[in-house]
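Letter by letter, the chains look like this.
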Amino acid sequence: MLKKISQIPFSDTPEQAKKLDAIIAECAGDESQLMHVMQVAQDIYGYLPFEVQKKIADGMNVPLEKVYGVATFYAQFALSPKGKYAISVCLGTACYVKGSQGVLDELCTQLGIGAEECTADGKFSLSACRCIGACGLAPVMTVNDDVYGKISASDVKGILAKYA
Amino acid sequence: MYRSHVLVCGGTGCTSSNSPKIIEQFEAQIKEKGLEDEVKVIRTGCFGLCALGPVVVVYPEGCFYSEVKVEDVPEIVEEHLLKGRIVQRLLYDETKAGAQEEVKPLKETDFYKKQKRVALRNCGVINPEDINEYIAYDGYQALAKCLTELKPEEVIQIVKDSGLRGRGGGGFPTGLKWSFTAANKADQKYVVCNADEGDPGAFMDRSVLEGDPHCIIEAMTICGYATGATEGYIYVRAEYPIAVKRLEIAIAQAKEMGLLGKDIFGSGFDFDLHIKLGAGAFVCGEETALMTSIEGNRGEPRPRPPYPAVKGLFGKPTTENNVETFANIPTIIREGAEYFASMGTEKSKGTKVFALGGKIKNTGLVEIPMGTTLREIIEEIGGGIPNGKKFKAAQTGGPSGGCIPMSLIDTPIDYDNLTAIGCMMGSGGLIVMDEDNCMVDIAKFFLNFTVDESCGKCTPCRVGTRRLLEMLDKITSGNGTLEDLDKLEELCYYIKENSLCGLGQTAPNPVLATLKFFRDEYVAHVVDKKCPAGVCKDLLQYKIIADKCRGCTACARKCPVGAISGTVKNPHTIDTSKCIKCGACMETCKFGAIIKE
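Remember, it's a predicted structure, so these values are computed and weren't measured experimentally.

Peer 1: Which parts of the structure should I look at to understand the overall build of chain B?
Peer 2: A count of helical and extended segments in chain B gives 24 helices and 18 strands. Relative to the compact-globule value of 25 Å for 597 residues, chain B shows a C-alpha radius of gyration of 27 Å, a close match. Each principal axis of the C-alpha distribution contributes one length, and for chain B these read about 85 × 65 × 40 Å. For chain B, the proportion of its 597 residues judged to be buried stands at 54%.

This is the structure in structure tokens:
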């Protein structure tokens, strides 16, 4: 899976660093916990900056290339930050046959960005996901934790307006 | 004692359409009316009829209220719970009995009538976050029976006799799989539950985990006892937060009651369970890839042999089964192998859960005895295709599967029949497609998926699927030739024969199946340069029918690229060189004057 790597300079708060150190300390010595540590790290930072990957590699005593390898293998790990409002359009089969591609295309047009990208002001990021399991509501899109079901391309403008 | 129980669906579908707020509102209203000692509100797992969510069922009457909104709650509390009058307007149409105070039992509705619930028996019935409710429905009895009355080999024999086959898609006999692990001596063995449900559009496993987590814990412990394993892992998608939370609660409760951990039922048998979160990789549904992932690596598959029964997780003998397979185990042990084997066909026993989705009225979760025909599922249980459209095909097995066309709709569904027609059972995704879906586009959709999800370890899959996708792109953009169709087929077989794991070996199936049953659609794309279903944009043209156009100018104003011209009250025209085929004009036209062809 091809991933976009962020060019934004990394900075973190002392609290974030403290949380990351704690989870690394808890799991150091058990290599099978690597994915768990990375999942927690992504919860802390919203994505996995290179600096965080390096810290995990050093702390867990695994090669950095392994951390990077895992980060790029799994869809869940992001190498660039999400927008304030993370939009996700379900492209699972049930949604696809009911026209979710059209919804995604319309979002791209409205926001002026492609899938897996973030608007310049950092407000919206857009991604396509594989089935969130709410197939009864197909086609489905989510904005952070809000779920919008049974939508069509013409609903997109109205939904985006709520977050303007 | 409560005089009434209000069951609110807490599955992912209904949760997405606001069921948590409905529960809050029920609790608040019930308290306000002072009914909290008489009426109990329970958050259950999935009822199955997701299309009508959020679902609320009130017992003892068994009223099935559908598409309930938060605003409807005061009326249900006031009318039904306080005054005993059923709120007719919210009742599921099929359960309306005519008379004011009567409802037809849910079991008699078309959706539920032909279903037989074994794996889903507790979903939508119990509160999954309360172990006592599971125990009240015979929970952990099967485990007690195994640990106190049966020897491990007797447990395996029962599972063998039941005829249960792996529900993850492969259909390998479960009892046989267990016996392989049991036969290997080792200082440590493992049981793994595959809950990495990767088929997009399938949610059977998630619903079992959300609605009945204890049955998985019970079944895995039984498997551990039968095969000699003392530790288990549940590998579950991180995208299923509700399932993960309920599993965590269930494991904690089971440990507290001594049903998990050391010396279970005083039998001296120890079993411990861990949850591992997946991170979104389709290939991890393959058993060796899943184990590699649990070990903390990129989830790449390993060549077999050695099989997991010999050298699996952390290099130890391991039994891996899918969620639905495990969900059948407690019933098999409790009710006996004969009971289970009495359902289904000769070589496929029991039931199968399908996630019914796509162009179908009753989207949701259905569990049917093996041998039920696709026609029964679609026309009776599923309620048919909405908007009067014609059925075209049903897709099973997701990105690894094939499709069933109209001509084979009466095939009884079981493992062997589906394989015989070039399709597969798969894990249970069943997506219905109508005349508006283009089969070439669907094949391309699945190839896009496999290209994305191919782990890259072996060349036939990594490179081959990408070449397949490029050929499909060529065809859907109108540049394909008849020769391409033959090349496409040849490459499909090459990839199937030479890939390392199940992902690559099955990735060409959607192409092969659509080529077999819908070759005419491919030919239309290649020879006539037309997409009969009107999906492939490059082959489409939007046109205005002059006779029908009133010259209202609505389309011209809507067109984002200014491709439509014309004067008021005169027929308009579309400049096809400017048109980006977004379809906005067609959606806007009130007179049906715009067509695509």
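Peer 1: What exactly am I supposed to notice about the domain arrangement of chain B here?
Peer 2: A common way to report how large an interface is uses the accessible area buried once the components associate. By the assigned domains, chain B splits into domain 1 (4-110), domain 2 (131-340), domain 3 (351-434), domain 4 (439-528) and domain 5 (541-596). Put simply, the middle of domain 4 of chain B and the middle of domain 5 of chain B, counted by C-alpha atoms, are 36 Å apart.

Peer 1: I tried to follow the sheet that holds strand β11 (residues 364-369) of chain B on my own but got confused; where do I start?
Peer 2: Residues and elements named next belong to chain B. Taken together, five strands build an open sheet; the order of strands is β11-β10-β14-β12-β13 and the sheet is mixed. Strand pairing shows two members of the sheet lacking a second neighbour, β11 and β13 (402-405), which therefore form its edges. Between one strand axis and the next, the sheet turns by 30 degrees as a mean value, whatever way the strands run. Alignment of strand β10 (residues 351-358) against β11, held across six bridges, turns out to be antiparallel. Bridge pairing links Ala-355 to Leu-365 in β11.

Peer 1: Help me out: how do you make sense of the interface of chain A and chain B in this one?
Peer 2: Counting residues at the interface gives 32 residues for chain A, matched by 38 residues for chain B. At the level of elements, α2 (34-45), α4 (64-73) and α5 (93-96) of chain A are the ones that each hand at least two residues to the side of chain A that touches chain B. Its residues assigned to classes, the side of chain A that touches chain B comprises 18 nonpolar, eleven polar and three charged.

Peer 1: Can you walk me through the packing of helix α1 (residues 14-27) of chain A against helix α3 (residues 50-60) of chain A in this structure?
Peer 2: A pair of packed helices is characterised by two quantities: the angle between their axes and the separation of those axes. Residues and elements named next belong to chain A. It is the contact of α1 with α3, at a shortest axis distance of 9 Å, that shows an interaxial angle of 30 degrees. Here α1 lies roughly parallel to α3, going by the angle between them. For the element pair α1 and α3, the recorded crossing hand is right-handed. Of the residues in α3, those in contact with Leu-20, Ile-24 and Cys-27 of α1 are Val-52, Lys-55, Ile-56, Gly-59 and Met-60. Considered class by class, the residues forming the contact of α1 with α3 number six nonpolar, one polar and one charged.

Cut-offs and rules
Residues numbered from 1 in each chain as written. Chains lettered and ligands numbered in written order. Predicted model: local features only at pLDDT ≥ 70, side-chain atom pairs only at ≥ 80, totals over all residues. Helix = DSSP H or I, 4+ residues; strand = E, 2+ residues; numbered from the N terminus. Rg over C-alpha atoms; globule rule 2.2 N^0.38 Å. Buried ≥ 20, exposed ≤ 12 C-beta atoms within 10 Å, placed from the backbone. Domains from an automatic or database assignment. Pairing = 2+ DSSP bridges. Axes fitted to C-alpha atoms, helices over the stretch in contact; angles between N-to-C directions. Contact = placed C-beta atoms within 7 Å. Nonpolar A, V, L, I, M, F, W, Y, C, P; charged D, E, K, R; others polar. Parallel < 35°, antiparallel > 145°, perpendicular 65-115°, else oblique. Left-handed = near helix turned anticlockwise from the far one by under 90°.

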